[in-house]
Structures are given as structure tokens and as C-alpha cells.
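Observations on the model geometry
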Protein chains: 2
Amino acid sequence: MPKPRKETMEENRMKLIAAARKAFAEKGYSAASMDDLTAEAGLTRGALYHNFGDKRGLLAAVVEQIDSEMAARAQAIGTREGDEWQAILAEGAAYIEMALDAEVQRIVLLDGPAVLGDPSKWPSQNSCLQVTKRSVERLIAQGIIKQLDAEAAARLLSGAALNAALWVAASENPPNVLPKAVEAFRSLADGLLSKPS
Amino acid sequence: MPKPRKETMEENRMKLIAAARKAFAEKGYSAASMDDLTAEAGLTRGALYHNFGDKRGLLAAVVEQIDSEMAARAQAIGTREGDEWQAILAEGAAYIEMALDAEVQRIVLLDGPAVLGDPSKWPSQNSCLQVTKRSVERLIAQGIIKQLDAEAAARLLSGAALNAALWVAASENPPNVLPKAVEAFRSLADGLLSKPS
DNA sequence: CATTTGATATACGACGCGTATGTAATACTC
DNA sequence: GAGTATTACATACGCGTCGTATATCAAATG
């Protein structure tokens, strides 16, 4: 009773991605060795090149996984809120907190853009951005925020949030400055409102 | 009459930095070869390692140069404006436009953070951030914007601006989306005002 | 059961970084 | 001003890594 082939291949893909997540987060993309990384997963570079093409392909797969996890989490947090405006604020705060995780920071915020280019061109299309863009579009339709380009507004919001997170994480005492960052973010976001509160 | 030593050394430093700017901008940091780069400057890796320690050191020097150029330009643009609030808006727009330059983008926005870490920990202390932080502090003192943490607000503003630029640059038709980004940035910034206009 | 497909392993070549050592010219010291 | 020390830069080497080309071996297929 041999194991079906598709199955083991998918297992291997997951093992490689998992090992890559760890290696990329700990050593950074460029310092992570593919030999070490694949050995950690009990495989060799052969499997890696067959599945992902090259090192960049592997990074793209890892980024996509993390990005979609973040988007799902942000959306879940957003939909818990009563109104749509509170939802987008909560999403933003959630991004800031998620980006405090070293894995997210190193892989998605630092190495990702440097190696893969701007998030708007990623294969995964950057789920996080998609989510906030949808939120912005709904808020514009409802007349709650100004008639801006939805993509621009989403991009600025997310950029502000993620940069805030980088700043918090690099600070001496992250738990201490995190609330300041969130407060500043919420203030900034208020600027999008058509009727400022 | 031999040339003074300090002088030729400074010349060589500048030649290396200039060559590095070009190479890093064109090929990206990791793909830029130090052998090629130094040859372009009429030197060898010996000079490079003596002057900058390692490849990262060279990147740090390049980043510092570009960053200070950007800060000077932004400040010049800011002081042309009548009141302080208009000044900071103009600075933000200036950052967006400056970040459309491939050199700035590739070196300062992408490779810089990935290789050197968060800008707040750069040796140059990131002159751009310093400039906007000062502006924010003055505006807070004047009661024009809310009583937020100046560093947080500066960081968010700059993050929004620079992310906007990345988005614009990656778009199909940059000249077309640039005004949208600037408009969105100005709206966002309004959120910092203590008395929204 | 024979054959083919394809997923993974192995072997190879090339390149780039960092360091250790060499060299020559300038800057000190008496 | 001659001898020495300093040091800016060049050269040579070793190590590690990536990407590809080839080999192997198990599973799918007829």
C-alpha cells in the first residue's frame, strides 16, 4: 500500500515552507542556506528547486502563507466590530501588533519587499492589502470616508501601520511604545473621515 | 609635490560611494559585485574593506549620503511654505516624489531596511525622520496638531509617504496615480490636526 | 509486467565574500 | 634629511552558496 504521490509531495512542500519560515525568520533571507534549510526538513535542494524553482520562489511561497494568515486574522478581528469604521481601525491596530512578530517583520516587511519587489506586484497580490482595500471601498460607498482612491488610501493606511510596527519593534521597550503607535495611527486614520469627529 | 594623503583617501571614498550608488541602484545590493563595483571606481576590494569594513558598511555610507540629501531637500521645500502646517504637508509630498527615483527606492527603501535593519537604528539616525520629527514637535508645541508622541507621529507620516511612493512607482502609470497618492496623504495627515479643517 | 513519467538526490562549475598577507608611498622622529 | 613606522591599498587564498545538469528510484499507466 504505497502512499499516493500527490500526498507526499504536498507534505514535502509544507515541510520545506515550514523550514524556510524558521530559517528566514532566524537568519534572514540572504544568510539562510538552502542546504541547511532543506536538511532541516529531511530533504535536499533537489526537492526545493523542483517545487519552487529557485530561492526567490521559496520566499514567495513563504510570504504568501504568512500574508494570508495575517489577512485572515485581521478580517476576523475586523468583523467582530460593530460598525465598519471601528472595524478598519481594529484591523490597523491588529496589523501593528502582528507585525511585532519577528517572523512577520523579517520575512514580510523587510526581506519580502527587498527581494520580491513592491507588495502590489507579489503573486499572492498581498491579501492584507486586498482586505483593507475592500474595507475602504465599503466606507467610501457609505460616505463615511472621503472620496479618495481606495487603493491609495488602503496603501497609505497599511504603510503607516506596518511602519509603526517596525518602529515599535526596534524601540527599547516595545510594550511601552506600542500604545503610542496605535494612538497615532487612529488619529491619522481620522483624517480619512468625511465628517471629522 | 606629492598629494596629501588625507585628500586622496577622501577622493577614493567618494569614488567608491559613487560607484556603489550606481551599482546598488541598478542591480540591487545583493546582486552588486564588489569586484565590479570597485573596478568601476578604478580601485580594488582592498580599498573598500579598508574604508568601510565590509559590504554592509559601504551600504550604510551610501544610505547616509542619500538620506541626508533627501532631508536637506525636504527641509528646503518645507521652509518655503508660509506656515508650519503647510510646510509639513509639502515635506510629505516631497518625500513621495523623491521616492519615485529608482536610486532612492531601491537603496533607501528596500535594501536599506532589509540589510541594515529599521531606519531608527541606522548610524545616520535617518535625517529624514529627524526633520519631520522636529516639524511635528513644533506643531504640537503650537497646539496645531494633537498631543501625540512626536516620534510616533513622524514615523507614521513618513511611513505613509514612503509606502505611497513605492505604490506609485510600482503602478502602471506613475504620473497618473501620483496625485491620488498625494491627495490621500494630505487627507490622512489632516487626522493629526487638533481642530480638523 | 513493461514502460514511462516525474519527484527527489547527487555531482559539477562558477562566483562572491571575507581575510590574511604583501607592497609601496606617505608621515613621523631624531 | 635619513631611517623607521604607519597605513592605504593590492593580491592571493579558502570557504560557502547558488543554480544546473545528470542520475536514480518509486509510482503511475497501459
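Residues numbered from 1 in each chain as written. Chains lettered and ligands numbered in written order. Predicted model: local features only at pLDDT ≥ 70, side-chain atom pairs only at ≥ 80, totals over all residues. Heavy atoms only, no water.

The name given to chain A in an unreviewed UniProt entry is TetR family transcriptional regulator, with the source organism recorded as Rhizobium mongolense USDA 1844.

1. Overview of the relation of the copies chain A and chain B
Quick reminder of the rule: Least squares is the method used to superpose the copies, on C-alpha atoms of residues holding a pLDDT of at least 70 in both. We call two residues in contact whenever any of their non-hydrogen atoms come within 4.5 Å of each other.
Structural alignment of chain A on chain B gives an RMSD of 0.0 Å, achieved by rotating through 180° and translating 0.0 Å along the axis. Both chain copies can therefore be described as sitting about a two-fold axis. Of every C-alpha in chain A, the one belonging to Gly 191 of chain A sits nearest the axis of rotation, 1.8 Å from it. A shared binding surface is used by both copies, with 100% of the interface residues of chain A retained as interface residues in chain B.

2. A word on empty space enclosed by the protein
Threshold: A pocket here means an open set of points on a 1 Å grid, computed over the protein atoms alone, that has protein on both sides within 12 Å along at least five of seven lines. A cavity is instead a set of points where a 1.4 Å probe fits but cannot get out; residues with an atom within 4 Å of a point line either one. Grid points are joined across faces, edges and corners, and a volume is the space filled by probe spheres set on the points.
Summed over all chains, the structure comprises 3 cavities of 30 Å³ or more. Counted as a void, the largest cavity has a volume near 650 Å³. Lining the largest cavity we find 37 residues, and of these Asn 163 and Leu 166 of chain A together with Leu 109, Asn 163 and Leu 166 of chain B sit closest to its centre.

3. Some thoughts on the layout of surface pockets
The criterion, for reference: Helix and strand definitions follow DSSP, with helices as H or I runs of at least four residues and strands as E runs of at least two, each counted in order from the N terminus. In this classification, Asp, Glu, Lys and Arg are treated as charged, Ala, Val, Leu, Ile, Met, Phe, Trp, Tyr, Cys and Pro as nonpolar, and every other residue, Gly included, as polar.
One number sums up the size of the largest pocket: a volume of about 460 Å³. The wall of the largest pocket is formed by 20 residues, among which Tyr 29, Ser 30 and Val 115 of chain A together with Tyr 29 and Ser 30 of chain B lie closest to the centre. Those elements that place two or more of their residues in the lining of the largest pocket are helix 6 (102-116) of chain A together with helix 6 (102-116) of chain B. Of the residues assigned to the lining of the largest pocket, the class counts are 8 nonpolar, 4 polar and 8 charged.

4. Points about the domain arrangement of chain A
Quoted interface sizes are often the accessible area lost when the parts come together. All names here are of chain A. Stated precisely, the cut-off is as follows: As used throughout, domain bounds are those supplied by an automatic or database domain assignment. Buried area adds together the accessible area that both of two parts lose upon being put together, with accessible area traced by a 1.4 Å probe.
Segmentation of chain A into domains returns domain 1 (1-53) and domain 2 (63-190). Between the C-alpha centres of domain 1 and domain 2 the distance comes to 29 Å. Each side of the interface is counted separately: domain 1 has 8 residues, and domain 2 has 8 residues. Between domain 1 and domain 2 lies a buried interface of about 720 Å² when both sides are counted; carbon and sulfur atoms form 56% of it. Of all residues in domain 1, Arg 21, Ala 25 and Tyr 29 bury the most surface against domain 2, accounting for 72% of the area lost on that side.

5. As for the UniProt feature "DNA-binding region" (unreviewed entry) in chain A
Stated formally: UniProt positions are given in the numbering used here, feature names are shortened, and annotations may be inferred rather than shown by experiment.
Look at the UniProt record and you will see "DNA-binding region" (unreviewed entry) annotated at residues 33-52 of chain A. Each end of residues 33-52 of chain A is marked by a C-alpha atom, and these two atoms are 15 Å apart; helix forms 75% of the span and strand 0%.

6. What about the packing of aromatic side chains?
Put simply, the rule is: Stacked, edge-to-face and tilted labels apply to pairs of Phe, Tyr and Trp rings (six-membered ring for Trp) whose centres lie within 6.5 Å, assigned for plane angles under 30 degrees, over 60, and everything in between, in that order. A ring is considered to have a charge above it if a Lys NZ or an Arg CZ atom is located within 6 Å of its centre and within 35 degrees of its normal.
One pass over the structure, following the stated rule, counts 2 aromatic pairs over all chains. Just above the ring of Tyr 29 of chain B sits the side chain of Lys 55 of chain B; from NZ or CZ to the centre is 4.7 Å.

7. So, the protein's contact with DNA strand D
What counts is decided by this rule: If a single non-hydrogen atom of a residue is within 4 Å of a molecule or strand, that residue counts as near it. Pairs of N or O atoms within 3.5 Å make up the polar contacts considered here, provided that, within protein, one atom can donate a hydrogen while the other can accept it, and that residues adjacent in sequence are counted only when both atoms are side-chain atoms.
Contacts to DNA strand D come from 19 residues, most closely from Arg 45 and Tyr 49 of chain A together with Asn 12, Thr 44 and His 50 of chain B. Counting only atoms of DNA strand D within 4 Å of the protein, the fraction found in sugar and phosphate groups is 68%. Interatomic distance of 3.2 Å between a backbone N/O atom of Ala 32 of chain A and a phosphate oxygen of DNA strand D. Interatomic distance of 3.2 Å between a backbone N/O atom of Met 34 of chain A and a phosphate oxygen of DNA strand D. Sorting elements by how many residues they give to the surface near DNA strand D places helix 3 (residues 45-52) of chain B first, with 5 residues.

8. Concerning the nonpolar core
The condition is simple: The set of buried Ala, Val, Leu, Ile, Met, Phe, Trp, Tyr and Cys residues whose side-chain atoms join them within 4.5 Å is what this entry labels a nonpolar core. Accessibility here uses a 1.4 Å probe with only protein chains present; expressed as a share of the type maximum, an area under 20% marks a residue as buried, one over 50% as exposed, and anything in between as partly exposed.
Judged by nonpolar contacts, the single largest core of 142 residues is most densely connected at Phe 24 and Val 136 of chain A together with Phe 24 and Val 136 of chain B. Not counting the four nearest positions on each side in its chain, Val 136 of chain A is found in contact with Ile 88, Ile 145, Ala 150, Ala 153, Ala 154 and Leu 157 of chain A.

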